[in-house]
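# Results of the structural survey
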Amino acid sequence: MLTLVFVLVFNFFLFRVIPGDPAALLLRGSAAFNPQNLEQASHDLGLDQPLPTQFVVYVKDTLTLNFGQSFYLRGQPVSRVIGDKIWPTVLLVGTSTIASTIIGLIIGIYGGWKHGSTFDVTSLGFTLFAYAMPEFWFGIIVLMMFAGGVGIFPSLFPTGGYETPAAGLTGFSHAVDVLNHMALPFFVLTVAYLGEYAIIMRNSLIDILGDDFIVTARAKGLREEEILWRHSVPNALLPTMTVTLLSLGFVFSGAITIEYVFSWPGLGWLTVQAIDNKDFPLLQGLFLLFSAAVIIANLVADVLYSYLDPRVRAA
């Protein structure tokens, strides 16, 4: 709660120290841009009030989920604009996070279990490369190869967007069209994210395999598969679980670079548009949503950690 309060206060002052007059931004490009209307717009936005008064109004509006109106999308409430973009982000980033978690854990488990083997060395090199490479760079390469078509690579997928414009597709045809547009960014995010989960799981499992209770389990004559899945993996999963839950918290912030590269109309793409257009109310709403999602995910991770690990409860 204290962290959320800090974010709330920080959110208020952050966008009031950025250069630029919100009233002028609201009226720019219109015939109403004159000193009289500029003063009226400042009054309507409450910018002529003392800063403490503005803060009280801001807190009251935020608690009632009233984030004001977007400058970029004139007249539309910020909450509605954000709500319209949540589903594309959850669909893309949520599914890719789940896929990368599952694949990364499997690679990490078998790499740690077969520590030093050919599979471990090869998979470690791949996951380190996947973890280190910039997402936008990999996205551009994949876009050129499989959407633009380069050399022997055919153009198989759309270059971007959420659906085919003006196609009027519905039902199953619409779902297939969305999945077709989603294929490339989903692949890029899954590959880019799985490296982190694989590396953490591998290292955690290697540490667990040297513990005394594993030696005791082998001395009792337990099968290697039972030692792996019943004793080693559940304990090695604990550090990975924290990273996974935090990653799910970051789902709502979207993958800004990937959404921008593939023109995916989610919260990440919306953030770029809000920055380009200096849409302060929209940025405030997005920043608060992103921060709250990560804080809540961190809280859930702490609670589950104490539930899953008896040593934490004992301490």
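Refer to the structure presented above.
The rules behind the values
Every chain's residues receive numbers from 1 upward, in the order its sequence appears when written. Totals for whole chains, interfaces and linings use every residue, but because this is a predicted model, local features are given only for residues with pLDDT of at least 70 and side-chain atom pairs only at 80 or more, for both listing and counting. As a convention, hydrogens and water are excluded, and side-chain values are obtained from all of the structure's heavy atoms. A run of H or I in DSSP becomes a helix once it reaches four residues, and a run of E becomes a strand once it reaches two; helices and strands are each numbered from the N terminus. Relative accessible area decides the class of each residue, using a 1.4 Å probe on protein chains only: under 20% of the type maximum gives buried, over 50% gives exposed, and in between gives partly exposed. Only buried residues count toward a nonpolar core, which is a set of Ala, Val, Leu, Ile, Met, Phe, Trp, Tyr and Cys residues joined through side-chain atoms within 4.5 Å. Throughout, a residue-residue contact means that at least one pair of heavy atoms, one from each residue, lies within 4.5 Å. Every definition here rests on a 1 Å grid over the protein atoms only: cavities are sets of points where a 1.4 Å probe fits but cannot get out, pockets are open sets enclosed by protein on both sides within 12 Å along at least five of seven lines, and lining residues have some atom within 4 Å of a point. Grid points are joined across faces, edges and corners, and a volume is the space filled by probe spheres set on the points. Gly falls in the polar group here, along with every residue not listed as nonpolar (Ala, Val, Leu, Ile, Met, Phe, Trp, Tyr, Cys, Pro) or charged (Asp, Glu, Lys, Arg). Convention adopted: a line fitted to C-alpha atoms gives each axis, helices being fitted over their contacting stretch, and angles between N-to-C directions are expressed from 0 to 180 degrees. For classification, angles of less than 35 degrees are called roughly parallel, those exceeding 145 degrees roughly antiparallel, those between 65 and 115 degrees roughly perpendicular, and all remaining angles oblique. A crossing counts as left-handed when the near helix is turned anticlockwise from the far one by less than a right angle, and as right-handed when that turn is clockwise.

A few words on unusual backbone geometry. Excluding glycine, residues mostly have negative phi values, and the peptide bonds linking residues are mostly trans. A positive phi angle is found at Leu65, which is not glycine, with a value near 60 degrees. Within the secondary structure, Leu65 is located in the loop between helix 4 (51–63) and helix 5 (78–113). Note on Leu65: relative accessible area 57%, which makes it exposed. At Ser263, a residue that is not glycine, the phi angle is positive and equals roughly 50 degrees. Examined against the element boundaries, Ser263 turns out to sit in the loop between helix 11 (256–261) and helix 12 (267–276).

Now for the environment of Asp309. For Asp309, the location among the structural elements is in the loop between helix 13 (280–308) and helix 14 (310–314). For Asp309, a relative accessible area of 6% puts it in the buried group. Along the chain, Asp309 and Leu238 lie 71 residues apart, while their C-alpha atoms are 7.7 Å from each other.

Below, the discussion takes up the nonpolar core. In this structure, Leu189, Phe262 and Trp264 are the most contacted members of the largest nonpolar core, which totals 26 residues. Mapped onto this core, the elements with two or more residues apiece are helix 5, helix 7 (135–149), helix 8 (171–209) and helix 11. Element by element, the count of residues in this core is highest for helix 8, at nine residues. Apart from residues lying up to four places away in sequence, Trp264 is in contact with Pro88, Thr89, Leu91, Leu92, Gly161, Tyr162, Val178, His181, Met182, Glu259 and Trp269.

This structure, assessed with the given rule, holds one cavity of 30 Å³ or more. The space that makes up the largest cavity amounts to roughly 40 Å³. For the lining of the largest cavity, the secondary structure elements donating two or more residues are helix 5, helix 6 (118–132) and helix 8. Of all the elements, helix 6 adds the most residues to the lining of the largest cavity, at four residues. A breakdown of the residues in the lining of the largest cavity according to their chemical character gives four nonpolar, three polar and two charged.

The geometry of helix 1 (residues 2–14) relative to helix 13 is characterised by a closest axis approach of 10 Å and an angle of 165 degrees between their N-to-C directions. On the basis of their axis angle, the class for helix 1 and helix 13 is roughly antiparallel. Taken as a pair, helix 1 and helix 13 cross one another with a handedness that is right-handed. Where helix 1 approaches helix 13, its residues Thr3, Leu4, Val7, Leu8, Phe10, Asn11 and Phe12 are matched on the opposing element by Gln284, Phe287, Leu288, Ser291, Ala292 and Ile295. For the contact of helix 1 with helix 13, the residue count by class is nine nonpolar, four polar and no charged.

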